[in-house]
Amino acid sequence: MIENRRQDRVSALIQRELSEVIQHVVKDPRVAFCTVTHVEVSADLKYVNVKVSVIGDSEQKEASLIGLKSATGFIRREISRRLALRYSPELRFSLDDSVDHIMKIDGLLKEIETEEDVQENSVQDI
């Protein structure tokens, strides 16, 4: 139980620092539109799975992921320097496509709403 709270606190700290480093310190233009959406730390605090959301098309997303992976060593050193952790955790970046799913669902709901409005207007005209 205590270990889970520690993991949660470390995850929150790492997420905050990662966001800061990616947005303001990393100079690679490929990572300019990245947002850290979720951080999951392993039980031993040696590995961090980082989910990022990227604004843009699939090419931009892949380029951003490549940019993040190439800057992993630099980012890892920055996180290690900013946080007093026993180990500098290994960062594993992956794309978070939940935002895309939310946008798709929102578009479908709006489409259904528009169709219902059209049907109501056609019924009122009769």
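Draft legend 1. Inspection of the packing of aromatic side chains at higher detail. Within the structure shown, the criterion is met by zero aromatic pairs. One residue, Lys 46, lies across the ring of Tyr 87, its end atom 4.4 Å from the ring centre.

Draft legend 2. Structural view of the pattern of salt bridges. Using the criterion set out here, one finds seven salt bridges in the structure. Across the salt bridge formed by Glu 78 and Arg 81, the nearest N and O atoms sit 2.9 Å from each other. Remark: Arg 81 and Glu 78 occur in helix 3 (residues 72-82); sequence separation between them is three residues, near one turn of the helix. Looking at Arg 81, the relative accessible area reads 59%, which means it is exposed. In the salt-bridge network here, residues are joined through shared partners; they are Arg 16, Glu 17, Glu 78, Arg 81 and Arg 82.

Draft legend 3. Structural view of the environment of Asp 57. With respect to the secondary-structure elements, Asp 57 resides in the loop between strand 2 (47-54) and helix 2 (58-70). Within polar-contact distance, the side chain of Asp 57 engages the backbone nitrogen of Gln 60 at 2.9 Å.

Draft legend 4. Spatial organisation of the side chain of Thr 72. Examined against the element boundaries, Thr 72 turns out to sit in helix 3. For Thr 72, a relative accessible area of 15% corresponds to the buried category. When residues no more than four places from it in sequence are discounted, the contact partners of Thr 72 are Leu 91 and Phe 93.

Draft legend 5. Highlighting the sheet that holds strand 3 (residues 90-95). Within the open sheet, the three strands sit side by side as 1-2-3. Their pairing is mixed. At either end of the open sheet lies a strand with only one pairing partner, and these are strand 1 (34-41) and strand 3. Sheet twist, expressed as the average angle between the axes of neighbouring strands with direction ignored, equals 30°. Its contacts with the sheet place helix 2 against strand 1, strand 2 and strand 3, and it is angled at close to 180° to strand 3.

Draft legend 6. Focus on the environment of Arg 92. Looking at where Arg 92 falls in the secondary structure, it is placed in strand 3. Of the residues examined, Arg 92 reaches a relative accessible area of 38% and is grouped as partly exposed. The spatial distance from the C-alpha of Arg 92 to the C-alpha of Val 48 is 6.0 Å, given a sequence separation of 44 residues. Beyond its immediate chain neighbours, meaning those up to four positions away, Arg 92 contacts Tyr 47, Val 48, Asn 49 and Val 50.

Conventions and cut-offs
Numbering of residues begins from 1 in every chain and follows the order in which that chain's sequence is written. Given that this is a predicted model, residues contribute local features only at a pLDDT of at least 70 and side-chain atom pairs are listed and counted only at 80 or more, while totals for whole chains, interfaces and linings are drawn from all residues. Computation of side-chain values: all heavy atoms of the structure, hydrogens and water removed. Any pair of Phe, Tyr and Trp rings, taking the six-membered ring for Trp, is counted once the centres come within 6.5 Å. Such a pair is stacked with planes under 30 degrees apart, edge-to-face with planes over 60 apart, and tilted for the rest. By the criterion adopted, a ring carries a charge over it if an Arg CZ or a Lys NZ lies within 6 Å of its centre and within 35 degrees of its normal. What makes a salt bridge here is a side-chain nitrogen of Lys or Arg within 4 Å of a carboxyl oxygen of Asp or Glu, nothing more. Strands here mean DSSP runs of E at least two residues long; helices mean DSSP runs of H or I at least four residues long; both are numbered from the N terminus. Exposure categories follow from relative accessible area, calculated using a 1.4 Å probe and restricted to protein chains: below 20% of the type maximum is buried, above 50% is exposed, and the middle band is partly exposed. Within 3.5 Å is the distance limit for a polar contact, defined as a pair of N or O atoms, with the added protein rule that one can donate a hydrogen and the other accept it, and that residues adjacent in sequence qualify only through two side-chain atoms. Contacts are assigned to residue pairs with any non-hydrogen atoms lying within 4.5 Å of each other. One requirement defines pairing of two strands: DSSP has to find at least two bridges between them. Helix axes are fitted only over the stretch in contact, all axes being lines through C-alpha atoms; the angle between N-to-C directions runs from 0 to 180 degrees.

Interpretation in functional terms is not warranted from these geometric data alone.
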